[in-house]
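# Examining the three-dimensional arrangement
Now for the letters of each chain:
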Amino acid sequence: MEISLESKIPTGSVAMKWSKYREQMRLVNPANKRKFEIIVVGSGLAGASAAATLAELGYQIKCFCFQDSPRRAHSIAAQGGINAAKNYRNDGDSVYRLFYDTIKGGDFRSREANVYRLAEVSVNIIDQCVAQGVPFAREYGGLLDNRSFGGAQVSRTFYARGQTGQQLLLGAYQALSRQIYAGTVKMYPRTEMLDLVIIDGQARGIITRDLVNGKIEAHSANAVVLATGGYSPVYYLSTNAIGCNVTATFRAFKKGALFANPCYTQIHPTCIPQSGEHQSKLTLMSESLRNDGRVWVPRKPGDIRHPNKIPESGRDYYLERIYPSYGNLAPRDLASRAAKNVCDEGRGVGPGGRGVYLDFAGSIERFGKDKIEERYGNLFEMYERITGENSYSQPMRIYPAPHYTMGGLWVDYELMSNIPGLFVIGEANFSDHGANRLGASALMQGLADGYFILPQTIGGYFATQRNGRYPSDYPEFKKAEEEVRDRISNLLAIKGRRTVTDFHRELGKLMWDKVGMARSEKSLKQALDRIPEIRREFWENVSITGDAGDLNPTLEHALRLADFLEFAELLAIDALWREESCGGHFREEYQTEDGEALRNDRNFALVAAWEYRGIDQFPVLHKEPLIYEEVKMTQRSYK
Amino acid sequence: MKLTLRVWRQKNSTTPGKLVEYQANDISPDMSFLEMLDVVNEELIKRGEEKIAFDHDCREGICGSCGMVINGRAHGPLAATTTCQLHMRSFKDGDTITIEPWRAAPFRIIKDLVVDRSGFDRIIQAGGYISVSTGGAPDGNAIPIPKEDAEKAMDAAQCIGCGACVAACKNASAMLFVAAKVSHLSLLPQGKVEQDHRVLNMVNKMDAEGFGNCTNIGSCEAVCPKEITLDNIARMNRLYMRALLSDS
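Conventions we followed
Residues numbered from 1 in each chain as written. Chains lettered and ligands numbered in written order. Predicted model: local features only at pLDDT ≥ 70, side-chain atom pairs only at ≥ 80, totals over all residues. Helix = DSSP H or I, 4+ residues; strand = E, 2+ residues; numbered from the N terminus. Rg over C-alpha atoms; globule rule 2.2 N^0.38 Å. Buried ≥ 20, exposed ≤ 12 C-beta atoms within 10 Å, placed from the backbone. Contact = placed C-beta atoms within 7 Å. Domains from an automatic or database assignment. Nonpolar A, V, L, I, M, F, W, Y, C, P; charged D, E, K, R; others polar. Pairing = 2+ DSSP bridges. Core = buried A, V, L, I, M, F, W, Y, C linked by C-beta atoms within 7 Å.

## Topic: the overall build of chain A
Regarding its fold elements, chain A presents 18 helices and 21 strands. Expected size for 639 residues packed as a compact globule is a radius of gyration near 26 Å; at 24 Å, chain A falls within 12% of this value. Principal-axis analysis of the C-alpha atoms gives chain A an extent of 75 × 60 × 50 Å. Classification of the 639 residues of chain A by burial places 60% in the buried group. The contacts of chain A with a sequence gap of at least 6 include a subset with a gap of at least 24, amounting to 73%.

Here's what the structure looks like:
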């Protein structure tokens, strides 16, 4: 198949592109919409909002999620908030400023036109969510409250206590539920997509496994939308839910969809440090805590005094010292690496010396304990439940952890991948966050794609389609079903001696050590040597108990890990190829004298989109140049 | 720590289940309850046995996936805590812990500790929303909402749909779950428009799904990990009566 990387960015000034696109886009007649069936995989913010909105427009939708209910997708765990360029604070915010901040925060590696559109529709998202009954925080006058958030100098973040993701997801889930009741969406919970089906070069359906009875089924449609999130659990320990996985996007990659910038992974600076080997996941403490908390470590290495016993003179508020204008609100990648550096200097605190303090004493003194409790009460409770420590009376301990992945399937301006009929939205695509995502922008992007962008752009695709659907017993579907059955029976037949979790831990540790917060040619080559060995051993020695015909969590995990074991290699290949540092991708060879990321705009101001060529084959690189018409690329500085 | 576990094992919904005893060794007090089960499961797999199935996902107390009855109490001994946020420091070395699934007729057991809670989804589908389609919403600040009302709505909206309330109720009533959604939406001006219709449809669906009636014992409130209060049930009852009267 000839691959074209046509980004389809409309011409004209960046501020007019989306209006112009909408004026000129082709529409589908209302009476014809119900003839088109769309598969939406994933029911998080992007998937649920897309499924609901497409159904409202009149399309027939099938929506799939592996959880027992669409309400449980991992978007639910987002704590801090959602950005929107409302300028309710009168503090100088605007669509342009949100656009610029996002481009700059992404270290000039995102697509300008997509980001401008994201900033434009951000204001509609808030209106939509308020109308749905999302209980955003309010002021005494009854109007919406805002706060500032990592990497921003204006207060544009809307929030619902520390549970913004939950409330936005429930809003989308309720909109989805309304459509399920109306019969326009058929929901398939506890059902996992295991392959994509392509007929005549177009995405025509998927193969799924019913997780309760193991039934393998083919589903045919006019288009497939992947809203399946990111791939942080390639590191095993991350802040993601246990079930988050790369399978849907990786399977699409193996069927010809290009995977873009997989090396852009975000390490979140404020997570609860690991307490031991048994750890199954890391818990995020919302970044909003950095608004009122000050980050510090002891000035001297090996100072093991209780934090409250260390006087001001013995403390190094290193973010305030290194980044005087942003201080504790420095962007995530800078804050994370700074934490790693002070711990590498032996100044870390807590078990294993991998932690830094986040101190609220000053804010409690200034605003009172009640105000801090109102803002972060649930987070402080959560912290105490996990660590047994009270953060009102002593500082929290935090450490960076994998959290979000900016890379994803390549999409054009219409959010369609290089495979016609395959759309990718939310964290699963690559386009909006560049090399680093700003705080409170993930919720914004998921809902922008799902409520406002995809429902418009998908019509343009259908308007050019004359073909009906293929029956789900068409040969391509049968063949894909057989392949899935074979994959499962091969796994069950191994009957080895090591558990799936054991392999996953090994892969995760390798990725964290060699392809984590700081990468080098040497560490990446070591990872690339080792990953295929782990993969080979997995396929010879993994132990999966239970049957294929029942609920079998061990088998589910093995299927997901099998894909991570191939995907990890792609991530490392991309990281090795990108000989520069930018955003979340930090190559030790490329840094300024101050230890900041050193970009190479001449050679790497482009999207690296990889094409699959077979297992153990080197993928083929396709390049999309990033052309900045509006913004001038600058060296990022948060000093 | 060393513990003795008595765990409900059931192959699938058609096969009868029973309590099976396991030893959990080398348990650290810093482990979460689910991490303790992970350790036991790794041992089971190494012995060639099937692991204990339980629902879990975010492991930070917000997705509502996990839930088991621990020593007779939904989500275990700590107040306002989901199973995944319970840590082993709440137990003592040598303890025997009995672990069972949610037991309620409308929650069919799928396997071991995993139950079918799709009845909750169907109740929400019957009316747990504000009927606005995407596009055309007025400005977010067009309708001021008193902070107090917004906070109360948020208190109710925190429900994670875990089902502990049903598991704890001797009548397997879903009143706290339904009341949380009815309250959340009815406390906001946007949600008042459809409130009569909503409460009638949701309550009727709850009954049709086989959930029992409320007899005001309050076990649900006691086990709710998100501290949804009984006032919500009182509010729903008022709204329901009002809707019935205005309907007739």
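## Describing unusual backbone geometry
The general pattern is negative phi for most residues beyond glycine and trans for most peptide bonds. One non-glycine residue, Asn90(A), lies in the positive phi region at around 60°. Within the secondary structure layout, Asn90(A) lies in the loop between β3 (82–83) and α4 (95–105). Take Asn90(A): there are 8 C-beta atoms within 10 Å of it, and that puts it in the exposed class. Of note, the phi angle at His75(B) is positive, near 65°, even though the residue is not glycine. Here His75(B) lies in the loop between β4 (73–74) and β5 (96–100).

## Some thoughts on the domain arrangement of chain A
Residue and element names in this part refer to chain A. Each domain of chain A was delimited in the assignment, giving domain 1 (14–223 + 256–267 + 404–463), domain 2 (268–402) and domain 3 (475–625). A C-alpha centroid distance of 31 Å is found between domain 2 and domain 3. The leading source of residues in the side of domain 2 that touches domain 3 is helix α10 (residues 332–344), at four residues. Partitioned by chemical class, the residues of the side of domain 2 that touches domain 3 number one nonpolar, one polar and three charged.

## Comments concerning the sheet that holds strand β13 (residues 315–316) of chain A
Residues and elements named next belong to chain A. The five strands are arranged β11-β15-β14-β12-β13 in an open sheet whose pairing can be described as antiparallel. Bordering the open sheet on either side are β11 (265–271) and β13, each of which pairs with just one other strand. Summarising the sheet, strand β12 (residues 294–298) and β13 pair through two bridges and their orientation is antiparallel. Within the sheet, the bridge partner assigned to proline 298 lies in β13 and is arginine 315.

## Let's talk about the interface of chain A and chain B
With 63 residues of chain A in contact, the opposing surface of chain B contributes 68 residues. Mapped onto the side of chain A that touches chain B, the elements with two or more residues apiece are α3 (45–57), α5 (112–132), α6 (164–182), α12 (369–387) and α17 (553–577) of chain A. Taken together, the residues of the side of chain A that touches chain B sort by class into 24 nonpolar, 27 polar and 12 charged.

## Quick word on the nonpolar core
Ranked by internal contacts, the top residues of the largest apolar core, which has 283 residues, are Ala51(A), Val225(A), Leu409(A), Cys165(B) and Val178(B). Discounting residues that sit within four places of it in the chain, Leu409(A) has contacts with Leu226(A), Thr249(A), Ala252(A), Ala257(A), Leu258(A), Phe259(A), Ala260(A), Ser417(A), Val424(A), Ala428(A), Asn429(A) and Phe430(A).

## Concerning the pairing of strand β6 (residues 191–199) of chain A
Residues and elements named next belong to chain A. Burial runs high along β6: eight of the nine residues are buried. With eight bridges connecting them, β6 and strand β7 (residues 202–210) associate as antiparallel partners. Residue valine 197 lies in a different strand from β7, and its bridge partner there is glycine 205.

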